[in-house]
Amino acid sequence: MIGRHEEGFENGLASEAGIAIGPILFVIAVLGILASAIAAGSGSFTAGSAAENNRTKASAMIEIGQNLKIGWERITGSAGIDFDSVVIDPNMTANANDLFSPLGGGISVPSVTMAEDPINDKWYYVKGNMPGLGSRTAPNMIAVLKVASGVCSEINNKANGFLATAVPPSADVGDFHATTDIPDSNILNNWPTALASKPTGCINNTNGTPGGYYFYQVIGLR
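Report follows, based on the coordinates. (Residues numbered from 1 in each chain as written. Predicted model: local features only at pLDDT ≥ 70, side-chain atom pairs only at ≥ 80, totals over all residues. Heavy atoms only, no water.)

## Considerations on the overall build of the chain
Reasoning step 1: Summing up its helical and strand segments, the chain has three helices and five strands in all.
Reasoning step 2: Starting at the N terminus and ending at the C terminus, the chain contains elements arranged as α-β-β-α-β-α-β-β.
Reasoning step 3: Excluding contacts between residues fewer than 6 apart, the proportion of contacts in the chain whose partners are at least 24 apart in sequence is 59%.
Reasoning step 4: A total accessible area of about 11900 Å² is found for the chain, and carbon and sulfur atoms account for 59% of it. (Helix = DSSP H or I, 4+ residues; strand = E, 2+ residues; numbered from the N terminus. Contact = heavy atoms within 4.5 Å. Areas by Shrake-Rupley, 256 points an atom, 1.4 Å probe, with all protein chains shown as cover.)

The structure is reproduced here in structure tokens:
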């Protein structure tokens, strides 16, 4: 009797142990699925945050560009000051022809926090003729700031209706860092067709000196 009892006990234990393995494996499988979902969700969150950051910066850039344009027009239009007499210097803020003066353009110096490298990048103000903008009798005034490629695409999406995933148009449009007018051979003749007649946008400037993605805003037409 004792022998049979022990044999039954051992068989029952073995049977119950086998049954318990099923739920354990199920729990492990569920945990694996949850881990995969969390990892995928984390990646999606990171990608989504980056895209939202690009959109936010693009909106801010366009707003800054419009503000610069309004300040310029306040001087040359309302005040009647000559185009070439407008002073664009963050340190000049006292005269009626200063863009960043309360008596002149009445606007603040534009932020560089949306730049690709906020520590080293800065706003540049260049003169050049652009296709479809102005009379071409004299160069227009253009404000530019280097930005990241993702921000560049979002700028063109918001300002010009391009797909947010579209690669920014590229061309050698001259040295944006130069203090002289950009030659027509660059900015007029090489300007991408997709951005012709568009006063606000973003371009991949392949010029060797300041190469990169640049937000641009035509702030003064003539």
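Next comes the rest of the description.
## Points about the packing of aromatic side chains
Reasoning step 1: Scanning the entire structure with this criterion turns up four aromatic pairs.
Reasoning step 2: Aromatic side chains W123 and F215 sit 6.0 Å apart centroid to centroid with 90° between the ring planes, which places their arrangement in the edge-to-face category. Taken together, the positions of W123 in the loop between helix 1 (2-78) and strand 1 (124-128) and F215 in strand 5 (residues 212-220) put the pair 92 residues apart, joining distant regions of the chain.
Reasoning step 3: The exposure class assigned to W123 is buried, which follows from its relative accessible area of 9%.
Reasoning step 4: On the basis of relative accessible area, F215 is assigned to the buried category, the value being 0%. (Phe/Tyr/Trp six-rings, centres within 6.5 Å; stacked < 30°, edge-to-face > 60°. Buried < 20%, exposed > 50% of the residue type's maximum accessible area, 1.4 Å probe, protein only.)

## Describing the sheet that holds strand 4 (residues 200-205)
Reasoning step 1: Pairing is mixed in the open sheet, where five strands are placed in the order 1-2-5-4-3. For this open sheet the edge positions go to strand 1 and strand 3 (170-171), each flanked by a neighbour on one side alone.
Reasoning step 2: When strand 1 meets strand 2 (residues 140-147), the two strands line up antiparallel, connected through five bridges. By the bridge assignment for strand 2, K127 is matched with M141.
Reasoning step 3: Across the sheet, helix 2 (residues 149-160) lies against strand 2, strand 4 and strand 5, angled at about 145° from strand 4, the strand it touches most. (Pairing = 2+ DSSP bridges. Axes fitted to C-alpha atoms, helices over the stretch in contact; angles between N-to-C directions.)

## So, the side chain of D121
Reasoning step 1: Structurally, D121 can be placed in the loop between helix 1 and strand 1.
Reasoning step 2: Of the buried charged residues, D121 lacks a salt bridge, with K146 as the closest side chain of opposite charge at 5.3 Å.
Reasoning step 3: At 2.7 Å, the side chain of D121 forms a polar contact with the backbone nitrogen of D117.
Reasoning step 4: Discounting chain neighbours no more than four positions away, the residues touching D121 are V112, A115, E116 and K146. (Lys, Arg positive; Asp, Glu negative; His and termini not counted. Salt bridge = Lys/Arg side-chain N within 4 Å of Asp/Glu carboxyl O. Polar contact = N/O pair within 3.5 Å; in protein donor to acceptor, adjacent residues only side chain to side chain.)

## Considerations on unusual backbone geometry
Reasoning step 1: Its identity is not glycine, yet R136 carries a phi of approximately 70°, on the positive side.
Reasoning step 2: By secondary structure assignment, the location of R136 is in the loop between strand 1 and strand 2.
Reasoning step 3: A positive phi angle, close to 65°, is found at S197, a residue other than glycine.
Reasoning step 4: Tracing the backbone shows S197 in the loop between helix 3 (184-187) and strand 4.

## Some remarks on the environment of T113
Reasoning step 1: Mapped onto the elements of the fold, T113 is located in the loop between helix 1 and strand 1.
Reasoning step 2: Leave out the neighbours within four places in its chain, and T113 touches K57 and P118.
Reasoning step 3: At 2.8 Å, the side chain of T113 forms a polar contact with the side chain of S111.

## Notes on the pattern of salt bridges
Reasoning step 1: Throughout the structure, instances matching the rule amount to five salt bridges.
Reasoning step 2: A salt bridge links D84 to K127, with the nearest nitrogen and oxygen atoms 3.1 Å apart. Placement of the pair is D84 in the loop between helix 1 and strand 1 and K127 in strand 1, with a sequence separation of 43 residues.
Reasoning step 3: With a relative accessible area of 48%, D84 lands in the partly exposed category.
Reasoning step 4: Among the charged side chains, a salt-bridge network with shared partners connects D84, K127 and R222.

## Points about helix 2
Reasoning step 1: Taking 1.5 Å of rise per residue, the twelve residues of helix 2 would be expected to cover 16 Å, and the 16 Å separating its terminal C-alpha atoms lies within 8% of that figure.
Reasoning step 2: Within the sequence span of helix 2, burial applies to V151, C152, S153, E154, I155, N156 and N160. (Expected span 1.5 Å × (residues − 1).)

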